[in-house]
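A closer look at the structure
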Amino acid sequence: MKKLTLLAVIFLGISLNAHAQLVQFGIKVGLNYCNFTSSSIQTNAITSYHAGFVAEIKLLDKFAIQPELLYSTQGASYKIGVTEIKNELGYIAIPVMAKIYLNKSVSLELGPQASFLLSQRNNFNATDSNTFDFAIDAGLGLKVTKSIFIQARYGLGLTEVSSSAQTKNSVIQVSAGLLF
């Protein structure tokens, strides 16, 4: 009986260790270089930030899924007459990236991103802003160590930022993070 209990404890320990290697949780922070894509309004890019939580779920040796929960500010600046307006939109962003590892440390990333508007600054008409934004993200990731990573990605907005203007978000993100 003692041997069976010891065997069960050893098996459980090995199983938990294997499971811990398949899922890692972490945090990330970074810079956004963002603008609006529009055919009717001339806009200038702004620099902002993003921060939040990540999880990496290893499904195969060279394939993983990385869901994230981020706070991300995006937007653009534009001139009306001599006045420059900086329009900054704060989103809760939920990207779900498919990661294909080219080797042990470099990965290609591609996936959808759903974002929900939380705040806005310097918007002319706050009532016509869309509260949902959908984008496709693509980029590269680099694991510097088992725990530290950096990422660069481009997010192309597919939905209009506002119902009164034909503008979509366009964001370049550079991030650094830590997996536990």
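Coordinates for the structure precede this section.
Residues numbered from 1 in each chain as written. Predicted model: local features only at pLDDT ≥ 70, side-chain atom pairs only at ≥ 80, totals over all residues. Heavy atoms only, no water.

**Overview of the overall build of the chain**
- A count of helices and strands for the chain gives one helix and eight strands.
- Secondary structure of the chain in N-to-C order comes out as α-β-β-β-β-β-β-β-β.
- Burial status across the chain gives 38% buried among its 180 residues.
- Taking all contacts inside the chain whose residues are at least 6 apart in sequence as the whole, residues at least 24 apart take part in 57%.
- Total accessible area on the chain stands at roughly 10,400 Å², and carbon and sulfur atoms take up 70% of it. (Helix = DSSP H or I, 4+ residues; strand = E, 2+ residues; numbered from the N terminus. Buried < 20%, exposed > 50% of the residue type's maximum accessible area, 1.4 Å probe, protein only. Contact = heavy atoms within 4.5 Å. Areas by Shrake-Rupley, 256 points an atom, 1.4 Å probe, with all protein chains shown as cover.)

**A closer look at the side chain of Glu109**
- For Glu109, the position within the fold is in strand S5 (residues 106–121).
- Apart from the residues lying within four places of it in its own chain, the contact partners of Glu109 are Met97, Ala98, Lys99, Asp137, Ala138, Gly139, Leu140, Gly141, Gln151 and Arg153.

**Quick look at the pattern of salt bridges**
- Within this structure, the stated rule accounts for seven salt bridges.
- For Glu68, the salt bridge is made with Arg153, and the minimal N-O distance between the two is 3.0 Å. Of this pair, Glu68 sits in strand S3 (residues 63–80) while Arg153 is found in strand S7 (residues 148–157), placing the two residues 85 residues apart along the sequence.
- In this structure, Arg153 and Glu109 form a salt bridge, with 3.1 Å as the shortest nitrogen-oxygen distance. (Salt bridge = Lys/Arg side-chain N within 4 Å of Asp/Glu carboxyl O.)

**As for the pairing of strand S8 (residues 167–179)**
- Relative to S8, strand S1 (residues 23–38) is paired through 13 bridges, and the arrangement is antiparallel. Bridge assignment links Gly30 to a residue of S8, and that residue is Ser175.
- Sheet topology places S7 next to S8; nine bridges connect them, and they run antiparallel. Residue pairing for S8: Phe149 is matched across the bridge by Gly177. (Pairing = 2+ DSSP bridges.)

**Topic: the packing of aromatic side chains**
- The tally for this structure, following the rule as stated, stands at two aromatic pairs.
- Ring geometry for Tyr49 and Tyr71: centres 6.2 Å apart, planes at 40°, overall tilted. Here Tyr49 is found in strand S2 (residues 46–60), whereas its partner Tyr71 is found in strand S3, with 22 residues between them in sequence.
- Take Tyr49: its relative accessible area is 44%, and that puts it in the partly exposed class.
- Given the relative accessible area of 24%, Tyr71 is considered partly exposed.
- Geometrically, the ring pair formed by Phe116 and Phe132 is tilted, given 5.4 Å between the ring centres and 55° between the ring planes. Of this pair, Phe116 sits in strand S5 while Phe132 is found in strand S6 (residues 132–143), placing the two residues 16 residues apart along the sequence.
- The ring of Tyr101 has Lys58 sitting right over it, with the charged end atom 4.2 Å from the ring centre. (Phe/Tyr/Trp six-rings, centres within 6.5 Å; stacked < 30°, edge-to-face > 60°. Lys NZ or Arg CZ within 6 Å of the ring centre and 35° of its normal.)

**A closer look at the sheet that holds S6**
- Reading around the circumference, S1-S2-S3-S4-S5-S6-S7-S8 is the order of the eight strands in this closed barrel, with antiparallel pairing throughout. Taken pair by pair, the neighbouring strands of this sheet meet at an average axis angle of 25°, ignoring direction.
- In this structure, S5 lies alongside S6, joined through eleven bridges in antiparallel fashion. Residue Val106 lies in a different strand from S6, and its bridge partner there is Leu142. (Axes fitted to C-alpha atoms, helices over the stretch in contact; angles between N-to-C directions.)

**Quick word on the nonpolar core**
- Phe36, Ala76, Leu89, Tyr91, Leu117 and Val161 form the largest nonpolar core, which has six residues in total.
- In contact with Ala76, not counting residues within four places along its chain, are Asn35, Phe36, Thr43, Asn44, Ile46, Ile85, Lys86 and Asn87. (Core = buried A, V, L, I, M, F, W, Y, C linked by side-chain atoms within 4.5 Å.)

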